[in-house]
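Residue-level listing of the chains:
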Amino acid sequence: MNQKKSRSPQKNKSYNFLAWLKDNSKSFTQLLVLFGSGSLIIGILVYIFFRDIQDAGIIVSGIAIITLLIAAILNRKNVFRSILGRRGKYSANTFFIVFGTILLMISANILFFWLETKNSPPGWIRTDLTATKEYELSEQSGAVLDQLTEDIEIFIFIKNNTQNSNLAIRRTEDLLSEFSKRSTTKNLTYKLIDPDLDPDIAQKLGIDRFLAGRNLPSLAFKGSETQRISYSIGIDPRENPDVFSEQDIITGLLVVSQLKQKIVLFLSGHDERDITDFDQNSNGYGLAVNALVRDNYIVNNATIAELGSILASGDPENFPAAVIIADPKEPITQPQSQLLTEYINYGGNIFILIESDVPEEYLTFLSQWGIMVGDGTLIDTISYVAPNLDFLQVKNTNLQIPDHPITHNFDVMYFPGASYIGMSLSQEEMPITPEGVLYVNSQPLAFTTINSWSETNLEELAFDNKVDTPGPLPIAMASQVISTVISEPLEQIDGGYLYSHLVVIGDSDFASNKYITSSRNQDFFANSVNWLTKDSELISVRVKESVFRELVLTKNERAFIRWSGWLLMPSVIGSLGILAWWRRR
C-alpha cells in the first residue's frame, strides 16, 4: 500500500498562508488601498493644519504611500490592464490634461511669487482690498524709504513661547516684509532673535537697557555703514498681535538715517525730576529720557548757568534744540528768567511741565507770552480714574483731545493731579504784526469735560462758583511765538520772523516712570519734543484703523447659507453624475 509522504507542518503552514493570500488577494488589496488612502489624507491634513506635529504627518504620509505601492504590486495585473486598456488610455488622457493644468497653475504661482518678492513689485501684482488700505504703506513711508542713504538691518526681539507671541511674530514679519519690498534704493533686511536664546545679541545692540525690566517686543535698527542704532518698543502681544505699527518702523528708520543728532537739555538745579532714575514705580524721568533717546536725541541735563555758557559760546553744534523744565520746586532768579527769555527770542524751544505748587517766578516767566496757570487742582466727575476725581482720564471719544500734530489720532491720556493752563489774552486781544502774524499763537492740546472745575480745597470736593473755575478747562497748551506780548518781534534779513515754540502742561506726573507707559502718555511727551524741535516726520505717519466689517444675517438667511453649502453643491454634482450615467448606460 502506497503511502503518500506528508508535508512537514511548517511547509503546510506556509502553503496554507500563501493559498489564503492568493485566494483573498483582492480583499487584501482593497484593504491596503483603503488603509493607504485614508492614511495619506490624514497625513496631509496633519501636515497642513497641525504645525507642531508636522513630522508625524510626514511619517504617516510615507507609510500610506508605501502601503499603496504594496497594493499596486499585489494587484499588478489589474493595474497594467487598467493602464494599457481602453479605459486606461482615456484615463491617461484625462490625467495628463489635469496634470498639465496643475503644472501650469504651479508655474504661474511660482512666477507671481517671484515677482511679488522682488523689491518694488508691479502694482498689478499686489493690491490691498481692505476698505481702509490697512496693509498698504503710506506715502510718507515710501518717501522715507526712497531717501535711505545706507542698507538697514532690523533685529526683531520677540520671545517665541506663546500662541500670542507667535502671531505677533508673523504680523511683524509681514509688516517688515512690506517695507523690504518697497525699499528700492537700499536693502532693508530683518532677522528674528529670541532674547532668551541669544541674550548676547540683545546686550551687544543695547536693546536690553530700553526694556527696563519690561518683557515687551522690541526692534533694533542698525545702519550698515554708520553702525548707528535706533530702537522701537512694541506693545504686549496679549493686548494686540499688531505689536508694531507703521509709524514705529518709520520712526526707527528716520532716527537711524538721521545724519545729525539734536540736543535736548533737562534743566537742573531747582529740584526738578531725576532723569537718572529708571525705577518703574518712581517719580523719576528715566523712561522719558529713553523715549527721547529712541528718537535719536542727545539728552543731557544742565543748569541755567551751563545753558548760558553754551549759548555764549556761539557754537551752533552745541545749541540745544529744546530745553525741558520738569516740575521745578525752587524758584528761579531774575537773571535766570532773562536768560531763558533770550533763549526763546533767538529761536529756542521750551517744554515746561508744572504742578499746582510751582513757584510764582515760573508763572511770571510764562506770563510774558500770555500763558497763565490756574489755581487749584482739576476735578472731573465724568472722565476720571476711580475713585480719584483728580486723576484725569482724557478721552478722544469725549471730545477732550483737539486735533493737533502732537495729539493726532490719540485715544486716551492720563493726568494724575493737574492744573489748568490758560491764556490771559484772547486771540482778538493778542498783538499782531502788519502781515497778520500773531505774536503768540496758542492751541490747547487737552481739555477736561464740562462737568469739571479747578478745586482749591481738596478736603471738600464740591464746586463753589465763588472761588472755583468751571470747566471745560485746558490741561496743556502748545504755542508758536515770535515775541513776548510786550516786546517787538525781531525781523530776520529776509524780512520774515524767527519762530520759537513753547509747550506747557499742567501736570508732570503723567511723564514720570510710574505713569508714562499708560496709554498714549509716552507718545504725548515724545511728540511734544518732536513738535518743539520741528521733527514732524517722527509724528506724521498715522496709525491705520482696522475696520470691523460684520455680515448681519437673519435666521432664514443663515439657514440657507448653511444648508446650501452642505447640500447644494453635492446634490448638483451627484445629479450631473447620475445624468451622465443614464445617458451612457
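A brief look at the structure comes next.

Cut-off values and rules
Residues numbered from 1 in each chain as written. Predicted model: local features only at pLDDT ≥ 70, side-chain atom pairs only at ≥ 80, totals over all residues. Heavy atoms only, no water. Axes fitted to C-alpha atoms, helices over the stretch in contact; angles between N-to-C directions. Helix = DSSP H or I, 4+ residues; strand = E, 2+ residues; numbered from the N terminus. Parallel < 35°, antiparallel > 145°, perpendicular 65-115°, else oblique. Left-handed = near helix turned anticlockwise from the far one by under 90°. Contact = heavy atoms within 4.5 Å. Nonpolar A, V, L, I, M, F, W, Y, C, P; charged D, E, K, R; others polar. Buried < 20%, exposed > 50% of the residue type's maximum accessible area, 1.4 Å probe, protein only. Pairing = 2+ DSSP bridges. Core = buried A, V, L, I, M, F, W, Y, C linked by side-chain atoms within 4.5 Å. Phe/Tyr/Trp six-rings, centres within 6.5 Å; stacked < 30°, edge-to-face > 60°. Patch = residues over 30% accessible without salt bridge, like charges linked within 9 Å, V, L, I, M, F, W, Y side chains within 5 Å. Areas by Shrake-Rupley, 256 points an atom, 1.4 Å probe, with all protein chains shown as cover. Salt bridge = Lys/Arg side-chain N within 4 Å of Asp/Glu carboxyl O.

**Quick notes on the packing of helix α12 (residues 304–313) against helix α13 (residues 334–345)**
Reasoning step 1: Where α12 contacts α13, the two axes come as close as 10 Å, and the packing angle between them is 40°. If you check the angle between α12 and α13, you find them oblique. Note that α12 runs across α13; the crossing there is left-handed. Every residue of α13 that contacts α12 at I304, L307, G308 and L311 is listed here: Q336, L339, L340 and Y343.
Reasoning step 2: When grouped by side-chain class, the residues that make up the contact of α12 with α13 number six nonpolar, two polar and no charged.

**Describing the environment of G57**
Reasoning step 1: Counting through the fold element by element, G57 comes out in helix α3 (residues 54–74).
Reasoning step 2: Classification of G57 by relative accessible area gives buried; the value is 2%.
Reasoning step 3: In sequence terms G57 and I44 are 13 residues apart; their C-alpha atoms lie 6.3 Å from each other.
Reasoning step 4: Here G57 is in contact with G43, V46 and Y47, once residues within four sequence places are set aside.

**Here we look at the sheet that holds strand β16 (residues 452–455)**
Reasoning step 1: Here we have three strands laid out as an open sheet, ordered β10-β16-β17, and antiparallel in their pairing. The outermost strands of the open sheet, each flanked by one partner alone, are β10 (377–380) and β17 (469–470).
Reasoning step 2: Pairing of β16 with β17, which is carried by two bridges, proceeds in the antiparallel orientation. Bridge assignment links W453 to a residue of β17, and that residue is P470.

**A short note on the nonpolar core**
Reasoning step 1: In terms of nonpolar packing, the biggest core is built from 41 residues, with F415, F524 and F525 touching the most fellow members.
Reasoning step 2: In terms of residue count, helix α15 (residues 521–532) provides more of this core than any other element does, five residues in total.
Reasoning step 3: Setting aside residues no more than four positions away along its own chain, F415 makes contact with D390, F391, L392, V394, I475, I505, D507, F510 and F524.
Reasoning step 4: Core analysis: the next-biggest nonpolar cluster, separate from the first, contains 35 residues, Y343, I354, V373 and Y439 among them.

**Some points on the sheet that holds strand β11 (residues 384–385)**
Reasoning step 1: Pairing is antiparallel in the open sheet, where three strands are placed in the order β11-β12-β13. In the strand order of this sheet, the two ends are held by β11 and β13 (412–416), each with one partner.
Reasoning step 2: Two elements, strand β12 (residues 388–395) and β13, share five bridges in a ladder whose sense is antiparallel. Across the sheet, residue Q393 finds its bridge partner in β13, namely Y414.

**Considering the packing of aromatic side chains**
Reasoning step 1: Tallied over the entire structure, the rule returns 11 aromatic pairs.
Reasoning step 2: A ring pair is formed by F266 and Y285, whose centres lie 6.4 Å apart and whose planes are at 85°; its orientation type is edge-to-face. Taken as a pair, F266 in strand β5 (residues 263–267) and Y285 in the loop between β5 and α11 (286–294) lie far apart in primary sequence, 19 residues in all.
Reasoning step 3: Judged by its relative accessible area of 3%, F266 falls in the buried class.
Reasoning step 4: Measuring from ring centre to ring centre gives 5.2 Å for F365 and W369, while their planes differ by 75°; the resulting arrangement is edge-to-face. One exposure class covers both F365 and W369, and it is buried.

**Details of unusual backbone geometry**
Reasoning step 1: A cis geometry characterises the amide bond from A386 onward to P387, with omega recorded as 5°.
Reasoning step 2: Inspection of the secondary structure assignment puts P387 in the loop between β11 and β12.
Reasoning step 3: Here the amide bond leading from G471 into P472 is cis, since omega sits at 0°, within 30 degrees of zero.
Reasoning step 4: Among the secondary structure elements, P472 is positioned in the loop between β17 and β18 (474–481).
Reasoning step 5: Not every positive phi belongs to a glycine, and N409 is a case in point at roughly 65°.
Reasoning step 6: By secondary structure assignment, the location of N409 is in the loop between β12 and β13.
Reasoning step 7: What makes N409 partly exposed here is its relative accessible area of 37%.

**Some remarks on a nonpolar patch on the surface**
Reasoning step 1: On the surface, I41, I44, L45, Y47, I48, F49, F50, I53 and I58 cluster together to form a nonpolar patch covering roughly 910 Å² of accessible area.
Reasoning step 2: Among the elements that line the nonpolar patch, the one with the most residues is helix α2 (residues 25–49), at six residues.
Reasoning step 3: Note on placement: F50 falls in the loop between α2 and α3.
Reasoning step 4: F50 gets classed as partly exposed once you look at its relative accessible area, which sits at 47%.

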